[in-house]
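# Per-entry structural report
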Amino acid sequence: MSETREPTTYTIRLELVDEPGELLRALRPIGEKGGNLLSIFHERGDKTPRGHIPVEVDLEATPERYEAIVDELRTEGINVIQAGTERYSESLTVLLSGDLVDTGLSETLTRIRENTNSTISDFELSAPQGSSDISSGRLRLGIEEGETGHTLSVIREIADEKDLQVVEPLYEGGV
Amino acid sequence: MRLAIVGTGAVGASVAELAAEYGHTVTALADSRSAVTDAAGIDVESALARKRDEGRVGSGDPEDALNGAYDCLVEATPTTLGDARPAYDHVRAAFERDRDVVLANKGPVAERYADVRALERESEGRLRFEATVGGAMPVLSTIEDCGPAHVTGIRGVLNGTANFVLSRMAVEGLDYEHVLAEAQDLGVAEADPSFDVEGTDAALKCVIVANVLARGEREYTLADADVEGIVDVSSNALRLASGDGRTVRLIGEVVDGSVRVAPRTVPTNSPLAVSGTENVVQIGTTDAGRLNVSGRGTGGPETASAVLADVRRLESTARD
């Protein structure tokens with residue numbers, strides 16, 4: 001089989017059983033089959049109705065290797081919910097500030113992901129100090145080309161509703 | 001040129017003090033309560049001394065300055081919003097007498113641009129307002145030299161107070177309130193800093209640029225600007241930005257006919273990541289690429305230099 005095609009970025013959504021070693025077991029095929037792991041979005045507290053833990057994995061691979069990875073995951077009995085073929089060619093990073101925790105951080109991130117054509121590549125939370133309720137988070141999304149404007153407007157809408165501040169990036173292009 | 005200066009704050013006083021050095025004569029100086037006029041030139045030093053000692057520059061009525069002998073009115077009263085009075089009335093008085101007008105006050109060109117341009121059309125006098133955008137930086141004259149039709153947009157840091165606060169917060173890891181109090185102690189921030197930290201001042205400058213770029217096809221006022229200040233920017237957010245090689249600056253933008261002021265992340269090594277009270281503007285052009293202009297956006301002598309540059313341009317170009 002020829003493997004001359006360029007690597008593409010893929011997102012795989014998994015549901016893991018809440019047992020030690022499951023995450024590691026799910027990630028092993030990616031490396032073994034020649035994929036390049038980009039990020040893992042994993043929230044232990046956020047369980048599905050069946051008591052599983054949703055995990056979103058971004059990886060880079062050629063289409064052939066990607067297929068082999070998904071096959072191997074299924075063979076291993078890992079619950080593959082969605083094996084996306086979306087291509088996230090651009091990255092968008094925003095800062096969110098406000099009462100991130102009490103306004104439901106997990107729900108905020110899920111809504112951003114579900115209402116935009118994006119994947120969460122990274123999220124870092126900086127918790128409040130002292131008595132302040134203000135916490136901040138840095139959210140990095142993988143988005144499709146040309147989706148920046150739409151993605152930002154969805155984020156702004158969700159943030160407005162939750163009284164969160166969004167600090168958007170300024171791109172070097174622009175003027 | 002013979003100058004009538006209305007307004008004796010940092011800018012008006014500096015214009016008065018520097019005028020002679022730049023070859024001009026101050027024939028009138030007015031504050032809100034009084035005026036001193038002399039067709040042969042007033043004694044600037046004693047007028048400003050009297051202002052300091054007695055709270056008034058002279059014994060005349062403020063109206064005397066507008067009715068006296070002068071070629072160019074320098075409007076340097078504090079910026080007011082809405083009807084932009086009394087500055088707008090001063091501009092009208094000068095134009096009705098066919099005098100030139102140089103504004104340091106943003107109100108008339110930010111809130112009543114079409115009205116002011118209409119007054120100018122009816123007059124032999126001409127309008128300039130370099131000092132209203134970016135203090136000492138030649139922003140409007142650069143746009144004028146390129147031709148507004150060849151400018152695709154501008155963006156930049158247009159408020160020194162907000163920039164001082166954000167850059168101190170980023171470097172020292174201190175909270176907004178702490179740095180703001182420090183800025184007030186240093187005289188960088190006013191006792192009531194809302195005009196600066198809520199983004200209004202930067203927005204007015206952007207609105208003025210938008211009016212220039214629109215070339216009469218559309219009029220902008222503060223109400224057309226989407227404005228968000230720096231009050232809610234937390235030191236946590238700055239820390240997270242820095243972990244990503246970026247920092248936060250209050251950025252004003254005039255792009256595609258819209259005006260926006262908001263805190264934005266920019267790369268730490270970006271020309272827009274100026275520190276302290278420094279200002280910077282990027283001007284996008286169709287043929288000259290992107291021009292960066294940086295410098296002091298506030299300060300008496302700095303802003304006065306922009307006023308005097310306007311006066312010089314008026315003096316060196318014939319009326320049409």
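Residues numbered from 1 in each chain as written. Chains lettered and ligands numbered in written order. Predicted model: local features only at pLDDT ≥ 70, side-chain atom pairs only at ≥ 80, totals over all residues. Heavy atoms only, no water.

With that settled, consider the nonpolar core. Residues and elements named next belong to chain B. In terms of nonpolar packing, the biggest core is built from 72 residues, with F129, I143, V165 and I230 touching the most fellow members. In terms of residues, this core owes the most to one element, helix α11 (residues 200-214), which gives eleven residues. Counting only domains with at least three residues in this core, you end up with domain 1 (2-133 + 300-316) and domain 2 (140-296). Apart from residues no more than four positions distant in its own chain, F129 is found in contact with L103, V109, Y113, R117, L140, I208, V212 and D310. Grouped together as the second largest cluster of nonpolar side chains are 28 residues, A47, V74, A104 and V311 included. (Core = buried A, V, L, I, M, F, W, Y, C linked by side-chain atoms within 4.5 Å. Buried < 20%, exposed > 50% of the residue type's maximum accessible area, 1.4 Å probe, protein only. Helix = DSSP H or I, 4+ residues; strand = E, 2+ residues; numbered from the N terminus. Domains from an automatic or database assignment. Contact = heavy atoms within 4.5 Å.)

What follows covers the UniProt feature "active site" (unreviewed entry) in chain B. All names here are of chain B. Look at the UniProt record and you will see "active site" (unreviewed entry) annotated at K205. Positionally, K205 belongs in helix α11. Of the residues examined, K205 reaches a relative accessible area of 3% and is grouped as buried. The contact partners of K205, leaving out residues within four places of it in the chain, are K106, T132, V133, G134 and L158. Here D201 takes part through its side chain, which lies 2.7 Å from a polar atom of the side chain of K205. (UniProt positions renumbered as here; feature names shortened; annotations may be inferred. Polar contact = N/O pair within 3.5 Å; in protein donor to acceptor, adjacent residues only side chain to side chain.)

Right, let's talk about the domain arrangement of chain B for a bit. Residues and elements named next belong to chain B. Per the domain assignment, the segments making up chain B are domain 1 (2-133 + 300-316) and domain 2 (140-296). Its C-alpha centre places domain 1 at a distance of 27 Å from the equivalent point of domain 2. The interface of domain 1 with domain 2 comprises 16 residues on the first partner and 20 residues on the second. In total, about 1600 Å² of surface goes out of reach between domain 1 and domain 2, with carbon and sulfur atoms giving 63% of it. Viewed at the interface, domain 2 and domain 1 are joined by five salt bridges. The shortest N-O distance in the salt bridge between D145 and R313 comes to 3.7 Å. (Buried area = accessible area lost by both parts, 1.4 Å probe. Salt bridge = Lys/Arg side-chain N within 4 Å of Asp/Glu carboxyl O.)

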